[in-house]
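Structural overview for review
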Amino acid sequence: MTTEILSNELENRLKAFFTDVIDPKDMAKTIREVNYILSLCSMRGCETVETEFNNLEDNFYWLNRLAEVLDPYLDVD
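Figured I'd write up the structure that's included with this text.

So, how was this worked out
- Residues numbered from 1 in each chain as written.
- Predicted model: local features only at pLDDT ≥ 70, side-chain atom pairs only at ≥ 80, totals over all residues.
- Heavy atoms only, no water.
- Phe/Tyr/Trp six-rings, centres within 6.5 Å; stacked < 30°, edge-to-face > 60°.
- Buried < 20%, exposed > 50% of the residue type's maximum accessible area, 1.4 Å probe, protein only.
- Salt bridge = Lys/Arg side-chain N within 4 Å of Asp/Glu carboxyl O.
- Helix = DSSP H or I, 4+ residues; strand = E, 2+ residues; numbered from the N terminus.
- Axes fitted to C-alpha atoms, helices over the stretch in contact; angles between N-to-C directions.
- Parallel < 35°, antiparallel > 145°, perpendicular 65-115°, else oblique.
- Contact = heavy atoms within 4.5 Å.
- Nonpolar A, V, L, I, M, F, W, Y, C, P; charged D, E, K, R; others polar.

This part covers the packing of aromatic side chains. Counted under the stated rule, the structure contains two aromatic pairs. A ring pair is formed by Phe17 and Phe18, whose centres lie 5.1 Å apart and whose planes are at 75°; its orientation type is edge-to-face. On the accessibility criterion, Phe17 (2% relative accessible area) is buried. Taking the relative accessible area as the measure of exposure, Phe18 reaches 27% and is therefore partly exposed. A ring pair is formed by Tyr61 and Trp62, whose centres lie 5.0 Å apart and whose planes are at 80°; its orientation type is edge-to-face. Given the relative accessible area of 22%, Trp62 is considered partly exposed.

Structure (structure tokens):
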């Protein structure tokens, strides 16, 4: 893991994301839920995904939003 300091632009995007888009505690919960579902899926042969699909679908959205804040890729023209 790098100890690189965040650029001002990235820091501003993160602040805006966690101020205007989603609460940091909600994002942490989202990450934990995805980890939980994917871990159970790998251990149980994916039966968990079917029962947790709506949760996974919503959380997938938020993880992609965070990824776009950290390193814009999909939103770049």
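On to the pattern of salt bridges, then. Per the stated rule, a full pass over the model turns up two salt bridges. A salt bridge links Lys15 to Glu11; the shortest N-O distance between them is 3.4 Å. Here Lys15 pairs with Glu11, and both are found in helix α1 (residues 8–21), just four residues apart, close to one helical turn. Residue Glu11 is classed as partly exposed on the basis of its relative accessible area, which comes to 30%.

Another point: the packing of α1 against helix α4 (residues 53–70). A pair of packed helices can be characterised by two numbers: the angle between their axes and the separation between those axes. Look at α1 against α4: their axes get within 8 Å of each other, and the N-to-C directions meet at 150°. When the axis of α1 is compared with that of α4, the two are roughly antiparallel. Only Trp62, Arg65, Leu66, Val69 and Leu70 of α4 make contact with α1, whose side of the interface consists of Leu10, Arg13, Leu14, Phe17, Phe18 and Val21. Split into classes, the residues belonging to the contact of α1 with α4 amount to nine nonpolar, no polar and two charged.

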